[in-house]
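# Summary of structural features
Residue strings, one per chain:
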Amino acid sequence: MLPTIQLNAYNNTTATKYMDNNNMSLLPVEKLKYNIHAWSSHSASYHPKNIMVNKPQDQSSRWSSNSNNHMQYITIKLDKMSVVKTITFGKYHKVHVCNLKEFKVYGGLSPNNMIELLHSGLKNDCETETFTLKYKSNDIVFPCLYIKIVPLVAWGTNFNFSIWYVELKGHSQQNVVEKIYDDYISYRENEVIRLCLKHFRQRCYLDTFNSLQQLSNIKLEDQLLTDLHTNLVFNGDFDTTEEILYKASERNLFNDYIKECKCIPVWRRITATDKNGNSPYMRGGHQMCIDSELGKIYMFGGWDGSKNLNDFWEYDENLEEWTCLSPDTSKDGGPSPRSCHRIAFDSINKQIYILGYFIESPDPNGTNMENDFWKYDIPSHRWIKLSSNTAANGGPGVIYDHQMVIEPKSQMIYVFGGRTQAKNISEDSYSGLYSYSIKEDKWRLLRSDVNQPENTVQLKSRIGHSMLLNPETNELYIFAGKRYKDFSSERKKNYLSDFYIYRIDDDYVIEVSRNYTMQGGPDAGFTQRATMDIELGELYMLSGLLSDRNSNVDTVKNILWMYNIKKNKWTKIYQNVNFGSEYNNRISDKEPCTRFASQLVYDTKRKVQYLFGGNPGEMSDPCLRLNDFWELKLERPNNNEILRKAKFHIRKQKYKEICNTGDYLQALKFLQTNVSEVVNHNDENESKEFRELTQFLFHTQKSSNTNNNENIQGRNNISASVYKERTELYEFLLKYFPTSMKEPLENLVDLVPMS
Amino acid sequence: MNSQNVLPSNSNTHHNRNHHYHNLSRSSYNNNSLHSSFKSKSVCQLNCRYCQGVLCRRGMKAILLADTRVELYSTDAAPIGVQLVANDYVTRNCLCQIRDVACLGCGNVVGYHVTQPCEVCMSACNNGHFWMFHNDSVRAKERMDSTGQKPLLWAQLSYHDKASNTYDDECEILCR
């Protein structure tokens, strides 16, 4: 059997054509009918057909394998070819050792050719769980006729696997699916031809290449790259090759590559004060927001180790100067001292909103539990109390460690999670997802923690999580945090490493990941701080408290992660190698010491992160808080650096070809001047590679002569070995270009079955 | 219902209530120490009521010490067809630490294991069994002795067989 052709690379024009399928996301999903097609085994009366009915009270209403090895599966055949979007697992009404702790779901048009749609696990409780399935790959939607569920691990070791109930949702409307099927089939056909084109050109079957291109009318790549190929590989015109690369850099074509490059974190400690030489005191649990347009950072409140604060500061990025707007906001008609609150900045009206706080010791009469909600108008330096009781207005109660974001264009605020503090409320009362319309002064509950639409992905409330708003797609990104397990009678700590997208427009929850740690992402944790760059499509997360697998003690580590939204991929950018007070003192001027409860804001215009204060988690001094202020830049290679490197490789090839002609004097001259000037001599590897080029000056001419005899078909009398070398160089240069422009990444030869 | 150590029970409703203060720590336990009322009991094979899988071949019908209305089956050694699941807990009846056992075939909870018996139960008359099966989770069948005519009795089982609590721990299959 041939391996599946990967669904990725495609060229510009066709990619947009297939993007039309995105409209499908607005169609309502329906429950898909299915039958059991095949299964590995079953025990006793636990026949796989039982998974078609949901009877949580009946212990026998399930499929159970008769072995717990990795060969177990159920294959489902859908009544109609469909786009399958979610899978829902029903469970027994009690915990059960046969529940699937880990499983995979595959899908495809035939049972022998399926791709992985999901890798996840069920909780060992009685709650129905719904998962989103992968239904498109790089904008190509694919239909399925078969779905295969493969159990990997059961909750009880040595026990067989059981599945109680499976429900699939998606689209099966004939007209919709037929269109998707046709697109998918023609996409695969096109890709096969492109793979052939790539192979024929690579192997220099140029007549075949040309006739296939003409017959199929399919383009292998963007015209710019075809020009590059012609000039470099056929013509050996290295100057024009350099010219084309220069033009490409001017068109910012290397941006995708730059984004992919590992970035280097550069920390700088800012020692700014106000005009009187003062700067904000040490604190944790404070809040900051940023006005990227004017380069101003605002900071309010926090906990200094012994008391709550309500001082209000402004930092000017250009002047590198603090200004204390108010030493005590309550004296200026503003909020009382607080920590663990949240603030959000309205970039259009230049206003700051403040909600929530942590209540130190709830007084029995509930008098210190005011659900206040504030707005600060920056231009007029005025505090406005929007509400004294948000709960009475249909909003959240007194919450802390929640998240609050603002969508300035629609003037909407979204508040999610946090713990509700009130009399007679247990500690586990989590606040749901609320929206607040600034224009209408109106709160609305979008999702409560306990009451969510049936058989959909659940958005469980939590504390100490992160939430960011993408104003372009009108989506909320929600991840990590802490939540106590519901089912177990013991109150186990549960740090999360899940990731959800909430689509505001149609009130829809997408589960991006239930456990990104399993996928190579950050460890589960809470109190992490997150920022976002919409332009780059990246999230940044500075870790706070992490659960340590080996002990009950939380560890504090400074780890900076980057998340690529489109690729759904986490990358670790930075980590403090050591921690502990001694180490922290030593690095205090080079990079920030480990901490949590700090604040991180991101200037989207200047592309700089700012970090202030926090709790260093010092065992010997639990009241210690920090007041250091840091700037963090993530440096990546720029166009000039890429061009230089590209030129080095191009000139290296030109030099070798001069050597082949036997004109060693000219070759030496070229090496000393033209090659040398584009070498980064500080880069050890590159410098070594450069020095080793001299060996070609001593090659005997004989070997090149013999090669020259095998001239290849067609053009310009190029020897086969030179054609191969130039092709390799061409493929090397391709890495700088976006996937959408270039030939497929895969090779036809890799599809040859070896079994 | 739940819990702990058991009295032997005759197949009818007549319960043997002879008190029997014997040290039943498992290390010193041996077949000879069994009270005569236990020795005369028949040995049962226990199958899972849900998936029919074999759970144990050394079952004894018994009643619960703490609540003599509760009938169950017990055995003296870790049974072949079950595994401990979840964590220890205690019930209202006594201070014994117990943990559920589930059938390896279907995963359903079919009984429990006394991981740490309490003093009260230990000082009462008991059969020294720490593995219990719920009546409604198992199907019991009396085993026959080598003649195939009479029920196999506990007196005929040796303690050493405990280790070989396997499917064919008696020579039922004869080469003839």
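Our subject is the structure that appears above.
For every chain, the first residue of the written sequence is number 1, and numbering continues from 1 along that sequence. All chains are assigned letters beginning with A, and all ligands numbers beginning with 1, in the order in which they are written. The predicted origin of the model limits local features to residues at a pLDDT of at least 70 and limits the giving and counting of side-chain atom pairs to 80 or more, whereas totals for whole chains, interfaces and linings rest on all residues. For the side-chain quantities, the full set of heavy atoms in the structure was used; hydrogens and water were omitted.

### Quick word on the pattern of salt bridges
Residues and elements named next belong to chain A. Stated precisely, the cut-off is as follows: Each reported salt bridge corresponds to a side-chain nitrogen of Lys or Arg within 4 Å of a carboxyl oxygen of Asp or Glu. The secondary structure listing takes helices from DSSP runs of H or I that are at least 4 residues long and strands from runs of E that are at least 2 residues long, numbered from the N terminus. Whether a residue is buried, partly exposed or exposed follows from its accessible area with a 1.4 Å probe, protein chains only, as a fraction of its type maximum: under 20%, in between, or over 50%, in that order.
Summed over the entire model, instances satisfying the criterion amount to 49 salt bridges over all chains. As a salt-bridge pair, Arg201 and Glu221 come within 2.6 Å of each other at their nearest N and O atoms. Pair noted here: Arg201 is in helix H2 (residues 174-202) and Glu221 is in the loop between helix H3 (206-216) and helix H4 (223-234), with a separation of 20 residues, a long-range link. Since its relative accessible area comes to 4%, Arg201 is described here as buried. The residue Asp506 makes a salt bridge to Arg503 at a minimum N-O spacing of 2.7 Å. Connected via shared salt-bridge partners are Lys91, Asp125, Glu129, Glu511 and Arg514.

### Remarks on helix H5 (residues 238-250) of chain A
Residues and elements named next belong to chain A. Put simply, the rule reads: An expected span of 1.5 Å times one less than the residue number is assigned to each helix. Comment: arc refers to directions from the helix axis out to C-beta atoms. Two residues qualify as a contact provided that any one of their heavy atoms is within 4.5 Å of a heavy atom in the partner residue. Polar contacts, as counted here, are pairs of nitrogen or oxygen atoms within 3.5 Å of one another; within protein the pair requires one atom able to donate a hydrogen and one able to accept it, and residues that are adjacent in sequence qualify only if both atoms are side-chain atoms.
End to end, H5 covers 19 Å across 13 residues, agreeing with the expected 18 Å (1.5 Å per residue, within 8%). Among the residues making up H5, those that are buried are Phe238, Thr241, Glu242, Ile244, Leu245, Ala248 and Ser249. Down the axis of H5, the smallest arc covering the buried residues is 160°, so these residues share one side. Of the exposed residues in H5, the ones pointing more than 90 degrees away from its buried face are Asp239 and Glu250. Tucked inside the fold, the buried residues of H5 contact H4, helix H8 (639-661) and helix H12 (720-734). N-capping of H5 is provided by Asp237, with a side-chain oxygen placed 3.4 Å from the backbone N of Asp239. Following H5 by one or two positions, Asn252 has its phi on the positive side, about 60°.

### A few points about the pairing of strand S15 (residues 296-303) of chain A
Residue and element names in this part refer to chain A. Note the threshold: For two strands to be treated as a pair, DSSP must find no fewer than two bridges joining them.
With six of eight residues buried, S15 lies mostly within the body of the structure. Looking at chain direction, strand S14 (residues 287-291) and S15 are connected through five bridges and run antiparallel. By the bridge assignment, Ile290 is partnered in S15 with Ile297. Where S15 meets strand S16 (residues 308-316), seven bridges bridge the pair, whose relative direction is antiparallel. Each bridged residue has a counterpart across the sheet, and for Tyr298 the counterpart in S16 is Glu314.

### Some remarks on the packing of aromatic side chains
Residue and element names in this part refer to chain A. Our working definition: Classification of ring pairs rests on two measures: the distance between centres of Phe, Tyr or Trp rings, Trp counted by its six-membered ring, which must be within 6.5 Å, and the angle between planes, read as stacked under 30 degrees, edge-to-face over 60 and tilted in between.
Enumeration according to the criterion identifies 45 aromatic pairs over all chains in this entry. When the ring of Trp267 is compared with that of Trp630, the centres are 6.3 Å apart and the planes differ by 85°; the resulting orientation is edge-to-face. Placement of the pair is Trp267 in strand S13 (residues 264-270) and Trp630 in strand S41 (residues 626-635), with a sequence separation of 363 residues. Classification of Trp267 by relative accessible area gives buried; the value is 12%. Relative accessible area serves as the criterion here: at 0%, Trp630 is assigned to the buried category. Where Tyr495 meets Phe526, the ring centres are 5.2 Å apart and the plane angle is 50°; that geometry is what we call tilted. Taken together, the residues Tyr495 in strand S30 (residues 495-503) and Phe526 in strand S32 (residues 525-526) connect sequence positions 31 residues apart. Both residues of the pair, Tyr495 and Phe526, belong to the buried class.

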